Amino acid sequence: DTDVELHSYTREMCIKLEEETGAHSWTENGGLFIACNKERHDEYKRLSTMGRYFGIESHMLSPTETQELYPILNVDDIYGAMHSPTDGTIDPTGFVNAYKKAAERLGSRFVEHCRVEGIDTEAYSVQGQPR
């Protein structure tokens, strides 16, 4: 599934950018996806299997195992859960700053507070000069 593969790639890219630039963009806080019906539980099983195929750690949990992981959760009405300990969130500002730092290391120059009068494109690349 494309979105699972994209998740794995994006996570690795954020971690690598932080190592290279020191700009923080990824917070690995894990994901706990609760299945309150059989259909959702079956979908999480499918996602867990696919995630493992793409190298994303994930585990299906019974209601009891879910409560062991998150003790304040009432599990009386759930079918189970999928736990993905390497899931996380991206800080968009940190992400852009990391890209900017990486680009500057490679020689890019950023000009702020100037009017854009046009964007010239050629063969799928963007080119331009300050006016």
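Residues numbered from 1 in each chain as written. Predicted model: local features only at pLDDT ≥ 70, side-chain atom pairs only at ≥ 80, totals over all residues. Heavy atoms only, no water.

**Q** Give a description of the pattern of salt bridges that names residues and reports values.
**A** Opposite charge on two side chains permits pairing when their charged atoms draw close. Under the counting rule described, the total for this entry stands at 7 salt bridges. Here Glu117 ties to Arg115 by a salt bridge, and the two come within 3.8 Å at their closest N and O atoms. The burial state of Glu117 is the same as that of Arg115; both residues are exposed. (Salt bridge = Lys/Arg side-chain N within 4 Å of Asp/Glu carboxyl O. Buried < 20%, exposed > 50% of the residue type's maximum accessible area, 1.4 Å probe, protein only.)

**Q** Please provide a residue-by-residue account of helix α1 (residues 2-21), values included.
**A** The first and last C-alpha atoms of α1 sit 28 Å apart over 20 residues, in line with the 28 Å expected at 1.5 Å per residue. Among the residues making up α1, those that are buried are Val4, Ser8, Thr10, Arg11, Met13, Cys14, Leu17 and Thr21. Close packing links the buried residues of α1 with β1 (26-27), α2 (38-53), β5 (89-90) and α4 (92-105). Among the residues trailing α1, Gly22 stands out with phi positive, at a value near 80 degrees. (Helix = DSSP H or I, 4+ residues; strand = E, 2+ residues; numbered from the N terminus. Expected span 1.5 Å × (residues − 1). Contact = heavy atoms within 4.5 Å.)

**Q** Give a detailed account of α2, specifying residues and quantitative values.
**A** Given 3.6 residues to a turn, an α-helix orients residues that are three or four positions apart in the same direction. Taking 1.5 Å as the rise per residue, α2 with 16 residues should run 22 Å; its terminal C-alpha atoms sit 23 Å apart, in good agreement. Looking only at α2, the buried set comprises His41, Tyr44, Ser48, Met50 and Gly51. Taken together, the buried residues of α2 touch α1, β2 (31-35), β3 (59-61) and β4 (80-84). Its side-chain oxygen 3.3 Å from the backbone nitrogen of Glu39, Asn37 forms the N-cap of α2. Positive backbone phi, approximately 85 degrees, marks Gly55, located one or two places after α2. (Polar contact = N/O pair within 3.5 Å; in protein donor to acceptor, adjacent residues only side chain to side chain.)

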